[in-house]
Amino acid sequence: MFDQATLIPTDELKIFREKIHQIARGKIAPQASLVDEEEFFNREVESLLWNHGLLTLTFPEEYGGIGKNKTVALCIAVEEIAKYCASSALLLIIQAVGSFPIIHSGSAELKRKYLPQMSKGRKLVAYLVTEPSAGSDVSGIRTTAKRGGDHYLLNGSKCFATSGGVAGIYSVLAKTSEEKGKSSFFLVEREFQGLSIGRTERKLGQRGSNTTEVFLDNVKVPAENLLGIEGEGFLIAMKDFDMSRPAIGAQALGIAEGALEVLLQSIKEKHALQKPIRDYPIIQMILADSATLIEASRGLVYRAAILCDEGKNNTKLASMAKCFAADAAMKVTTEIIDALQILDGYGALGKLDAERMFRDAKLTQIFEGTNQIQRLVIARQLLKEWMG
Ligand SMILES: Cc1cc2nc3c(=O)[nH]c(=O)nc-3n(C[C@H](O)[C@H](O)[C@H](O)COP(=O)(O)OP(=O)(O)OC[C@H]3O[C@@H](n4cnc5c(N)ncnc54)[C@H](O)[C@@H]3O)c2cc1C
């Protein structure tokens, strides 16, 4: 139905897409509604994702990664899974986001110690940046890391941690200096004394993903668990965004495609006043607008991902992809709810898949930087290019 192949750079990745599509449709889709309704983290789907190497896609090859084109591969997997279950797709994204600091900036020794724990040991990683008083403004974090001999002592409260309650390892951003913005990433094990899990959040959408508070109370972290150079955590977080924002765009794209598929299925046999419902202009407008937004999102998402894999600056395109695809998913799912209402009146509320997708889409406008922040990034990048 969609031109999914043109932007995929290799035949291997086209085959990969087909494989993920089959897994998502056959094994993940049947559980999506239940996971949403009962708001639980699905260990069965987690195992499935491990079994197919999808939770180590972006790792170095010797630790289970795909090697070349890893951002594109991540986007493909996320898109295919999000068509049926956005919560499961988010698990893939956060595993890539949380492991990025060690993959990008960890010492060889640290990688040898922790990456096998994550890949062979199947430990999930959470990414602890956001705090009650610091979301969009990452430089406002209050969690501190104070050096004392061969270790750091971490103290602070983190919130909105995806996989917070189910992870075995945490990438934690903490202030290592009084100077604003001077922060560093640390790798923290779940078993380290002083780390505790707080409230599990109840969310509007993506309810099958686990989102919690995480508290750090005098957590003693070995000095060698510092990732990269002290004070450069903010730069690592920005680099991480170049990969994660296309991936969130891919999630939004998948949600929009899933919703359109629901509408197409719903209108297949339906008639009103002796005329197939698909022949009504109001339905055709919605189909046309949705399909166009989906194709435009796809173009941005995969161009941003390809640039990332080529090691080229993709900051502007990554923000465009995330922002556009998330807004598009919101628009598409809203229009599809409207269309279903035309088909079925009050019964539209019973079309659970579309209703879930509508709620799931909203979150893509918020995490990995809200869409307002993406617009600021795009404008700043544009002005930088223009002014030289
Ligand atoms: C489901 C979910 C999962 C998440 N997972 C994680 C995770 O795993 N790890 C993690 O660290 N964080 C995570 N987050 C946090 C997420 O990244 C933040 O919610 C997001 O960055 C926004 O921060 P905030 O909620 O504190 O909003 P605020 O920063 O307080 O912003 C409030 C509003 O003001 C707007 N705003 C702020 N500054 C500006 C500005 N300069 N110009 C214009 N508008 C502005 C924002 O767009 C927003 O609408 C998650 C969030 C959600 C909802």
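Calculation notes
Residues numbered from 1 in each chain as written. Predicted model: local features only at pLDDT ≥ 70, side-chain atom pairs only at ≥ 80, totals over all residues. Helix = DSSP H or I, 4+ residues; strand = E, 2+ residues; numbered from the N terminus. Rg over C-alpha atoms; globule rule 2.2 N^0.38 Å. Buried ≥ 20, exposed ≤ 12 C-beta atoms within 10 Å, placed from the backbone. Contact = placed C-beta atoms within 7 Å. Pairing = 2+ DSSP bridges. Domains from an automatic or database assignment. Nonpolar A, V, L, I, M, F, W, Y, C, P; charged D, E, K, R; others polar. Axes fitted to C-alpha atoms, helices over the stretch in contact; angles between N-to-C directions. Parallel < 35°, antiparallel > 145°, perpendicular 65-115°, else oblique. Left-handed = near helix turned anticlockwise from the far one by under 90°. Near = placed C-beta within 6 Å. Core = buried A, V, L, I, M, F, W, Y, C linked by C-beta atoms within 7 Å. Expected span 1.5 Å × (residues − 1).

### Side note on the overall build of the protein
Looking only at helices and strands, the protein has ten helices and ten strands in total. In terms of overall size, the protein behaves like a compact globule, its C-alpha atoms giving a radius of gyration of 21 Å where 388 residues would be expected to give roughly 21 Å. Each of the three principal axes of the protein carries a C-alpha extent, and together these read 80 × 50 × 40 Å. In the protein, which comprises 388 residues, the share counted as buried stands at 48%. Long-range pairs, those at least 24 residues apart, make up 76% of the contacts in the protein between residues at least 6 apart in sequence.

### As for unusual backbone geometry
Phi angles above zero are rare outside glycine, and Gln-206 is one such case at about 45 degrees. For Gln-206, a count of 28 C-beta atoms within 10 Å corresponds to the buried category. Positive phi, close to 55 degrees, is recorded for Glu-368, a residue that is not glycine. Topologically, Glu-368 is positioned in the loop between helix H9 (352–364) and helix H10 (371–387).

### Details of the pairing of strand S1 (residues 125–128)
Taking every second residue as pointing to the same face, both faces of S1 are buried, with Val-125 and Tyr-127 on one and Ala-126 and Leu-128 on the other. Here S1 runs beside strand S4 (residues 169–175); their pairing, made up of four bridges, is parallel. Within the sheet, the bridge partner assigned to Val-125 lies in S4 and is Ile-169.

### A closer look at the domain arrangement of the protein
Once the domains are mapped, the protein shows domain 1 (11–119), domain 2 (125–232) and domain 3 (234–387). Just the C-alpha atoms count here: the centres of domain 2 and domain 3 sit 30 Å apart. Contacts between the two partners involve 14 residues from domain 2 and, on the opposite side, eleven residues from domain 3. Classifying every residue of the side of domain 2 that touches domain 3 by side-chain character gives six nonpolar, seven polar and one charged.

### Here we look at the packing of helix H6 (residues 233–267) against helix H8 (residues 315–344)
Look at H6 against H8: their axes get within 8 Å of each other, and the N-to-C directions meet at 20 degrees. With respect to their mutual orientation, H6 and H8 come out roughly parallel. Of the two elements, H6 crosses H8, and the hand of that crossing is left-handed. Residue classes in the contact of H6 with H8 are distributed as 23 nonpolar, five polar and three charged.

### Brief notes about the site of the ligand
As a matter of local geometry, the ligand sits amid 21 residues, with Val-129, Thr-130, Gly-135, Ser-136 and Thr-370 nearest to it. Counting residues per element, the ones that place at least two in the shell around the ligand are S1, strand S3 (151–162) and H10. By residue class, the composition of the shell around the ligand is eleven nonpolar, nine polar and one charged. Inspection of the shell around the ligand shows a minimum of three residues originating in each of domain 2 (125–232) and domain 3 (234–387).

### Quick look at the nonpolar core
In terms of nonpolar packing, the biggest core is built from 118 residues, with Val-78, Ile-81, Leu-92, Phe-186 and Ala-256 touching the most fellow members. At 16 residues, the largest contribution of residues to this core is made by H6. Discounting residues that sit within four places of it in the chain, Phe-186 has contacts with Ala-145, Tyr-152, Leu-154, Val-172, Ala-174, Val-221, Asn-225, Leu-226 and Leu-227.

### A closer look at the environment of Lys-316
Mapped onto the secondary structure, Lys-316 falls in helix H8. When sequence neighbours within four positions are dropped, the list of residues in contact with Lys-316 reads Ile-378, Gln-381 and Leu-382.

### Here we look at helix H3 (residues 70–82)
Its 13 residues place the ends of H3 18 Å apart at the C-alpha level, agreeing with the 18 Å of an ideal helix rising 1.5 Å per residue. In terms of residue burial, H3 counts as a mostly covered element, since 13 of its 13 residues are buried.

### Comments concerning the packing of H8 against H9
Two elements in contact, H8 and H9, have axes whose closest approach is 8 Å; the angle formed by their N-to-C orientations is 160 degrees. Judged by the inter-axis angle, H8 sits roughly antiparallel to H9. Note that H8 runs across H9; the crossing there is left-handed. For the pair formed by H8 and H9, the contact residues are Ala-326, Ala-329, Met-330, Thr-333, Thr-334, Ile-336, Ile-337 and Leu-340 on the first element and Ala-354, Glu-355, Met-357, Phe-358, Ala-361, Lys-362 and Thr-364 on the second.

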